[in-house]
Amino acid sequence: MDRRTLPPVVALLLAVCSLRPTSLAETVHCDLQPVDAKVTYVTSQVSKGCVAQVPNATLEVHVLFLESSRDLSELELTVQKSNQNGTRPREVLLVLSANKNILLRLQAPGIPLNLAFNPTLIFQGPPGINTTQLPPFTTQNQFLDWAKTKGPIVSVAELNDPQSVLLRLDQAPRAPSSCNLEPLMDMGHTLDWSPLTPTSVRGCRLEGVPGHKEAHIVRVLPGTEARPRTVTVKVELRCASGGPDAVLILQGPPYVSWLIDANHNMQIWTTGEYSFKIFPKENIRGFPLPDTPQGLLGEAWRLNASMVASFVELPLASVISLQSHSCGGGLQTSPPPIPTTPPKESCNQELLLSLIQPKCSEDIMTVVLKKDLISTLRCSITSLTFSDPSCQAEDRDDQFVLRSAYSSCGMKVTENVVRNEVVVNLLSSSSPQWKKVHCINMESLSFQLGLYLSPHFLQVSNTIELGQQGFVQVSMSPSIPELMLQLDSCHLDLGPDADTVELIQSQTAKGSCVSLLSPSPSGDVRFSFLLRGYMVSTPTTGTLSCTITLRSRSLSLDTHRTVSMRLNVVSPGLPACTDKGLVLPAVLGITFGAFLIGALLTAALWYIYSHTRPPGKREPVVAVAAPASSESSSTNHSIGSTQSTPCSTSSMA
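Quick caveat: nothing in here was measured; it's all calculated off a predicted structure.

1. Points about the overall build of the protein
In terms of regular secondary structure, the protein is built from nine helices and 43 strands. In the protein, which comprises 653 residues, the proportion classed as buried is 43%. Of all intrachain contacts in the protein linking residues separated by at least 6 positions in sequence, the fraction that spans at least 24 positions is 71%. Accessible surface, the protein: about 35,000 Å² in total, of which carbon and sulfur atoms supply 55%.

2. With respect to the pairing of strand S22 (residues 279-285)
Counting buried residues in S22 gives zero out of seven residues, a small share hidden from the surface. With three bridges connecting them, strand S21 (residues 273-276) and S22 associate as antiparallel partners. Its bridge partner lying in S22, Tyr-274 is registered against Ile-284. What sits between the antiparallel neighbours S21 and S22 is a turn of two residues.

3. Section: the nonpolar core
With 37 residues, the main nonpolar core has Phe-447, Leu-487, Leu-503, Phe-527, Phe-529 and Leu-550 as its most contacted residues. For this core, the secondary-structure elements that each account for two or more residues are strand S33 (446-452), strand S36 (469-477), strand S37 (483-493), strand S38 (501-505), strand S41 (525-530), strand S42 (540-552) and strand S43 (558-570). If near-sequence neighbours (up to four positions away) are discounted, Phe-447 is found in contact with Met-442, Ser-475, Met-476, Leu-485, Ile-548, Leu-550, Arg-561 and Val-563.

4. A short note on the environment of Leu-516
Summarising the element assignment, Leu-516 is placed in strand S40 (residues 514-517). Exposure remark for Leu-516: the relative accessible area of 44% places this residue in the partly exposed category. Along the chain, Leu-516 and Ile-504 lie twelve residues apart, while their C-alpha atoms are 8.7 Å from each other. Here Leu-516 is in contact with Ile-504, Gln-507, Ala-509, Arg-526 and Phe-527, once residues within four sequence places are set aside.

5. A word on the state of the cysteines
Inspection of the entire model under this criterion finds six disulfides. Between Cys-360 and Cys-439 runs a disulfide, and the two sulfur atoms are separated by 1.8 Å. Across the S-S bond of Cys-360 and Cys-439 the torsion is about -80°, and the bridge reads as left-handed. In this pair, Cys-360 is assigned in strand S25 (residues 359-361) and Cys-439 in strand S32 (residues 433-440), connecting sequence segments 79 residues apart. For the pair Cys-360 and Cys-439, one class covers both residues: buried. Note on cysteine connectivity: Cys-391 is disulfide-linked to Cys-409, with sulfurs 1.9 Å apart. Here the disulfide of Cys-391 and Cys-409 is left-handed, its torsion about the S-S bond being about -95°. Here the residue Cys-391 occupies a position in the loop between strand S27 (381-386) and strand S28 (394-395), and Cys-409 occupies one in the loop between strand S29 (399-405) and strand S30 (412-413), the gap between them amounting to 18 residues. For Cys-391, a relative accessible area of 13% puts it in the buried group.

6. Description of helix H3 (residues 293-302)
With seven of its ten residues buried, H3 lies for the most part within the structure. Taken as a whole, H3 has its buried residues at Gly-295, Leu-296, Leu-297, Gly-298, Glu-299, Ala-300 and Trp-301. Where H3 ends, the next residue or the one after it, Asn-304, has phi of about 65°, a positive value.

7. A word on a negative patch on the surface
Together, Asp-71, Asp-372, Asp-397 and Asp-398 make up a region of like negative charge exposed at the surface. Structurally, Asp-397 can be placed in the loop between S28 and S29. For Asp-397, a relative accessible area of 78% corresponds to the exposed category.

8. Some words on a nonpolar patch on the surface
On the surface, a cluster of nonpolar side chains totalling about 420 Å² of accessible area is made up of Phe-592, Phe-595, Leu-596 and Leu-600. Along the chain, the position of Phe-595 falls in helix H6 (residues 584-611). The partly exposed category is assigned to Phe-595, whose relative accessible area is 43%.

9. Some thoughts on the side chain of Ser-306
Relative to the helices and strands, Ser-306 resides in the loop between H3 and strand S23 (307-314). Ser-306 gets classed as buried once you look at its relative accessible area, which sits at 1%. When sequence neighbours within four positions are dropped, the list of residues in contact with Ser-306 reads Arg-205, Leu-206, Val-209, Pro-210, Gly-211, His-212 and Lys-213.

10. Re the confidence of the model for the protein
Note that predicted coordinates carrying low pLDDT should not be read in detail. Looking at the protein, pLDDT values average 81 and 80% of them are 70 or higher. Contacts from residues 1-26, a stretch scored under 50 in pLDDT, to residues over four places away or in other chains number twelve contacts. Scored below 50 in pLDDT, residues 617-653 shows 15 contacts in the model against residues more than four places distant or in partner chains.

Cut-offs used in this document
- Residues numbered from 1 in each chain as written.
- Predicted model: local features only at pLDDT ≥ 70, side-chain atom pairs only at ≥ 80, totals over all residues.
- Heavy atoms only, no water.
- Helix = DSSP H or I, 4+ residues; strand = E, 2+ residues; numbered from the N terminus.
- Buried < 20%, exposed > 50% of the residue type's maximum accessible area, 1.4 Å probe, protein only.
- Contact = heavy atoms within 4.5 Å.
- Areas by Shrake-Rupley, 256 points an atom, 1.4 Å probe, with all protein chains shown as cover.
- Pairing = 2+ DSSP bridges.
- Core = buried A, V, L, I, M, F, W, Y, C linked by side-chain atoms within 4.5 Å.
- Disulfide = S-S within 2.5 Å.
- Patch = residues over 30% accessible without salt bridge, like charges linked within 9 Å, V, L, I, M, F, W, Y side chains within 5 Å.
- Salt bridge = Lys/Arg side-chain N within 4 Å of Asp/Glu carboxyl O.
- Lys, Arg positive; Asp, Glu negative; His and termini not counted.
- Charge placed at Lys NZ, Arg CZ, Asp CG, Glu CD.
- pLDDT = per-residue confidence, 0-100.

So, in structure tokens, the structure goes:
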């Protein structure tokens, strides 16, 4: 062979040899199967959402659409505010729409929060949060339209099977001024959440590689917004003896860096840059890695891993947690399910007791448990009673109803609170379960509904004129600081010949002629309304009825009560809906008064003018001798000249 041709041949052979391992790695055989490893993550990516910046609003609205695949699930929701340098935080309205039954556990420390939700959501949270049950909306647009009537919408997110949600109230500096829904939205710093559905984790054994080295592969998919971010990766390998020989492979978009927190020494192989929790500022440059599953499996083979202990693909996340029990031994595949008899502990007793929430109304405590929810929790109830076992729940078609007056069934009545216990006996448990329940004692309380004709609320009236503005106040006596009033709904019944006038519905003013007012210093709730003439054609009587909620500030208690009063509606008219509410007699009185004042003022000015003219202006009249008829004509001409001015013309008219 010619020596001049040797170097190119050698170079070609070297190139082929260097490419051979990568080529084999890319085609390595690995049959991925479910394994016994657990991966959880927190992400800001949502299936649909938007974020807006509303800096000058006094109330900000956030909307969450909770799409659940389970008949009953739990959700932990935390609302968090930033440090505002001692300034009072803005009031927040959180609107929740749930397609299935969701038990909500809410935390919102130090935030003036109002919560609105549909009936499928079961609320459990700290006392003092104002709650509103939404009308039976069926579409997302209906929820959004309702929310827009309350204030500017700051964020909207649709979450699929959420387990926990963190909502931050900080203003997004680069967000637009309005919130327009977009698919596959990155909510950024505004919202983080973790899914309830388990993440699919798979593994396999790499053929032809000896030893016990294991690989853990995490592939993070690109997000909708390419901005620099750090993903925290927590790795926990539980081993009975010693540390495993392991490699951690992290692949993601080029704008992602990694912060690694591992409980064992591991070989690290990542894209981008990475650092360790113990040295967070020491960034280490990573390596270019394949962006396909087969390519990453080949990378594990090239690093002499004999098995892939875990392989997972995730959306762009902020925190990823990995737990594995393989520790260099055999591959821990998930065993196939074996049909067995359900254990006695299969009933979720804690969640079942959470569903026991009494409703208090008209001195009666009622507990309702729906049978479909009980079945979903795999519970079988043999009996449901109060502390007095003789007070049994009524078994109806689709629910159990436990009901008692405050004077029976072992009720303990104090000055403000009625207490009892609900006892649940389960087929799967030999001991009964107890749940303490409370209601507000209404016996010593009285409620007054008053109509006033001025915003000063000085004198009560039972008569209102059509077109007149009325001011309504609902008060409680005696006034108890522990209890606060909330106005749920109000309507005016004008009899069978007229439609019912809805004034307030779901704590919302109905129409432009109804306004919710600030409460009185003692906490009385107030609103105003304008009764327009077309609502009723003749003088009549009506009934004003309001439903209120009495809420405890220290206990999660709600008691509902309806108060009403009779009204006389007189003087029909057709005035416009104005804020001032001027009636027709008032308008006529103002007009006549203006006319009278103008006439008197014109007469006074003419009198002053005619008696204070300079003498020089009268000389032409005296010097010229004329007949009496001419003088009379001149005088008439002078008077006519004065009447032609706009002021006097208006007065003479």
